[in-house]
Each structure stands twice: as structure tokens, then as C-alpha cells.
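One-letter residues, chain by chain:
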Amino acid sequence: MKTYILNNGVIMPSFGLGTFLVEQGESAYEIVKSALKIGYRHIDTAQAYGNEADVGRAIKDSKIPRKDIFVTSKLSRKYFGDEKVIRAALDESLKVLDLDYIDLMLIHWPSHDIEQNRLIWSIFEEYYMAGKFKAIGVSNFQRHHMEDLLKTAKVRPVVNQVECHPLLSQQPLHKYLETIDCQMTSYGPFAKGEIFKGRPYEILLEVAKKYGATIPQVVIAWGLERQIVMIPKSVHEDRLLENFKGQELVLSKEDLEKVNSINRGRRLYTDPDNTPDTW
Ligand SMILES: NC(=O)c1ccc[n+]([C@@H]2O[C@H](COP(=O)([O-])OP(=O)(O)OC[C@H]3O[C@@H](n4cnc5c(N)ncnc54)[C@H](OP(=O)(O)O)[C@@H]3O)[C@@H](O)[C@H]2O)c1
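Here we summarise the structure given alongside this text. Counting starts from 1 at the beginning of each chain's written sequence and moves along it residue by residue. Where local features are concerned, this predicted model is filtered to residues with pLDDT of at least 70; where side-chain atom pairs are given and counted, the filter is 80 or more; whole-chain, interface and lining totals use all residues. With hydrogens and water excluded, all non-hydrogen atoms of the structure serve as input to the side-chain values.

Observations regarding the site of the ligand
Our working rule: When we say a residue is near a molecule or strand, we mean one of its heavy atoms is within 4 Å of it. N or O atoms closer than or at 3.5 Å make up a polar contact, with two conditions inside protein: a donor-capable atom paired with an acceptor-capable one, and, for residues adjacent in sequence, both atoms drawn from side chains. With residues, only the protein chains shown are counted as cover, and all accessible areas are computed by Shrake-Rupley using a 1.4 Å probe. What counts as a helix is a DSSP run of H or I of at least four residues, what counts as a strand is a run of E of at least two, and both are numbered from the N terminus. Residue type decides the class: Asp, Glu, Lys and Arg count as charged, Ala, Val, Leu, Ile, Met, Phe, Trp, Tyr, Cys and Pro as nonpolar, and the leftover types, Gly among them, as polar.
What surrounds the ligand is a group of 27 residues, the closest being D44, F190, S234, R239 and Y269. One nitrogen or oxygen atom from the side chain of H108 is found 3.2 Å from an oxygen atom belonging to the ligand. Burial of the ligand by the protein chains amounts to 86% of its free accessible area of 890 Å². Considering each element in turn, the shell around the ligand owes the most residues, three residues, to helix 9 (residues 237–245). Counted by class, the shell around the ligand contains twelve nonpolar, ten polar and five charged residues.

Thoughts on the packing of aromatic side chains
In plain terms, the rule: Working definition: a ring pair exists when centres of Phe, Tyr or Trp rings (six-membered ring for Trp) sit within 6.5 Å. Plane angles under 30 degrees give stacked, over 60 give edge-to-face, the rest tilted. By definition, being over a ring means that NZ of Lys or CZ of Arg is both within 6 Å of the ring centre and within 35 degrees of the ring normal.
Scanning the entire structure with this criterion turns up eight aromatic pairs. Considering the side-chain rings of Y187 and Y269, the 5.1 Å spacing of their centres and the 80° angle between planes classify their relative orientation as edge-to-face. Here Y269 lies in the segment after helix 10 (253–260) and Y187 lies in strand 9 (residues 183–187), a separation of 82 residues in the sequence. If you follow K134 out to its NZ or CZ, it ends over the ring of Y101, 4.7 Å from the centre. Across from the ring centre of Y269, 4.3 Å away, lies the NZ or CZ of K192, which sits over that ring.

Topic: the nonpolar core
In globular proteins that are soluble, nonpolar side chains generally tend to be buried together. Under the convention used in this document: Take the buried Ala, Val, Leu, Ile, Met, Phe, Trp, Tyr and Cys residues and link them wherever side-chain atoms come within 4.5 Å; each set so joined is a nonpolar core. Exposed residues in this analysis have more than 50% of their type's maximum accessible area, buried residues have under 20%, and partly exposed residues fall in between, with area computed by a 1.4 Å probe over protein chains only. Contact definition: two residues touch when any of their heavy atoms are within 4.5 Å.
Counting residues in hydrophobic clusters, the biggest one holds 85 residues, and the most contacted among them are L90 and F124. Element by element, the count of residues in this core is highest for helix 8 (residues 215–225), at seven residues. Once you skip the residues sitting within four places of it in the chain, L90 turns out to touch Q47, L75, M105, I123, F124, Y127 and F133.

Describing unusual backbone geometry
Of note in this structure, K63 is not a glycine but carries a positive phi near 65°. By secondary structure assignment, the location of K63 is in the loop between helix 2 (52–62) and strand 5 (70–75). If you check the backbone angles, Q227 has positive phi at about 70° while not being a glycine. Position of Q227 relative to the elements: it lies in the loop between helix 8 and strand 10 (229–230).

Some details on the pattern of salt bridges
When the charged atoms of two side chains with opposite charge come close together, those side chains can pair. As a reminder, the rule being used: One side-chain nitrogen of Lys or Arg within 4 Å of one carboxyl oxygen of Asp or Glu is enough to make a salt bridge.
As enumerated under the stated definition, the model contains 17 salt bridges in all. With its nearest N and O atoms 2.9 Å apart, the salt bridge here joins K60 to D98. Residue K60 is found in helix 2, and its partner D98 is found in the loop between helix 3 (83–97) and strand 6 (104–107); the two are separated by 38 residues along the sequence. Looking at K60, the relative accessible area reads 44%, which means it is partly exposed. Here D98 falls in the partly exposed class, since its relative accessible area comes to 49%. As a salt-bridge pair, D68 and K67 come within 3.1 Å of each other at their nearest N and O atoms. Where salt bridges share partners, they join E206, K210, D255 and K258 into one cluster.

Okay, here's the thing in C-alpha cells:
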């Protein structure tokens, strides 16, 4: 599996399993176990997904050495505010996952209050220094959020996980992140099903047919070729395998350009600058 070296030297697998909307309990446990059996070594969870405990249990029961699995989790916005509440939430993730450390902890969403983001980041830095998080990063941060954070950060964010798919290829943000040595992770690679409709579908199908591949595989290969981390979610074993094999596909320059041509700057998830304050 291709890996990326983060700005603090930590090695991150370029491909993993997303677990948003994977029902907590046995469903999450079984699907993570199946993914690990297939060869997935990177699991993306979050406090907000409610399945950290199942992810942790599946990792333990897999008997795969802990050091060989990369786990990402995220601090939920509902814990923003008081320092004590933030610390308690971070401790809870470690406890619920039942792991000695988390490979990568992210701030799930930026606050509209710069000071709040800075406060959370300073607490993240403490956990990082203490070895409880091997790496720390952010999610849904726009360029201006990053620039604000960097003014006071002692530890630079290693990752920014953002919505990214052929309809929203995030080229300007990606370019900026490269200049500050921050790895971009794509979420929602299948654009809430929009890649299976209309013009995007026609273009992706044409490319997929050339390689005897599928549309999800083309999208995964496109992201990996751009040096982006891809974390598609599925609760179906056949799709887990199909997506996993997407890593083997290498698209020609011409075909990468065809996928790039789908970009319309179309956001399908929430706009980070327009989330409600209470959310
Ligand atoms: N940081 C954030 O704010 C944020 C936000 C959203 C997501 N994420 C992370 O990113 C991960 C991926 O995003 P996502 O789950 O929203 O969307 P996604 O991975 O783009 O798409 C998942 C959807 O595609 C279907 N699917 C998966 N593989 C398929 C295949 N080979 N063929 C056809 N359909 C397929 C899944 O259905 P089945 O499950 O029924 O197969 C599911 O409906 C999440 O799980 C989460 O870990 C992060």
C-alpha cells in the first residue's frame, strides 16, 4: 500500500476505510474486521460517528499488530467551548477506542471563533507532546482557518481532511496545503452518488471501460495520483474489495485530465464557512 510521510515523519497509508454512517455496534465491528482482513490498514472514525468503540474492538480482535494500523479520529464540535470539556472529550476517545494512542486526531470542524480553534489546537499540542496522539490535524478548514491557526501553532497540522471528489476537486486548497506541507485527505469521494449520474457518469464510465475498471476505482485512482489520501466508506464486502483494488489502477495523464474536467466546484456536504454556531 502506498504511504505518505507526514510533516512530522509519521507514515500514513494513502488509502483507508471511512466509517461515517456505519451503524454503531455489530455492523461497524464486522465491517472494520472485514476491511482489515482484505488488507485495509487505515480506519477513519470520529466521535460524531458513534462507532469508535466498535472500531477499537475490531482492531484488537484482528490480532494485527497495533503499529501496522493507522487510526484517525476527530474531536466533535459539540465539545467546543471550555478547556475541561475538550480535554474530557479527547480522553474519552482514547478510552472508548481503548487504544494507547491515536495515530491522527483531527479537529472535525473549524469554529467561527479563531480563539476557540487556537485553544483546541493548544490542547491537541499537549496530547501530541505526551504521545497520546502520534499526529494532529484538522478537517474542513478553509485556507483562512489554516492561516489563522498557523499564526500561533507550535506544531503544524499534518493533515486537512476536506470534501473532495471529481465535482469539487479542491485544486486551490490542495496547492496551498502543499506549500505548508500539510497532507490533504478527501472525504466523500463518490460525491453522495453524483458520480453515478449525468455527465460525470458518462466521462467516468468512458475512462473506467478503457481499463476494465469501475467508476469508484477510477475516482480512487484519480485521488491517489494527485497524492491525496482516499477513505471511501462501504458496508458491503464486495465494495470494500472493489474499492481496495482501486489502488492498483494507474490512469494515463489524458484520463486524469478527463476526470479533472468534471470539476464544477460543487459542494455536496456542508460549507465550513456557513455552519450554524450551535452545530
Ligand atoms: N471530516 C468530515 O467532516 C467528513 C465528512 C464526511 C465524511 N468523512 C469521512 O470520509 C469517509 C467517506 O465519505 P462518505 O462516507 O461520506 O462518502 P463516500 O465514501 O463518498 O460514499 C459512500 C457511499 O458510496 C457507496 N459506495 C461505496 N463504495 C461503492 C462502490 N464501490 N460502488 C457503489 N457505491 C459505493 C456507499 O454505500 P454502501 O455503504 O451501501 O456500500 C455509500 O452510500 C466517511 O465515511 C468518513 O470517514 C469525513
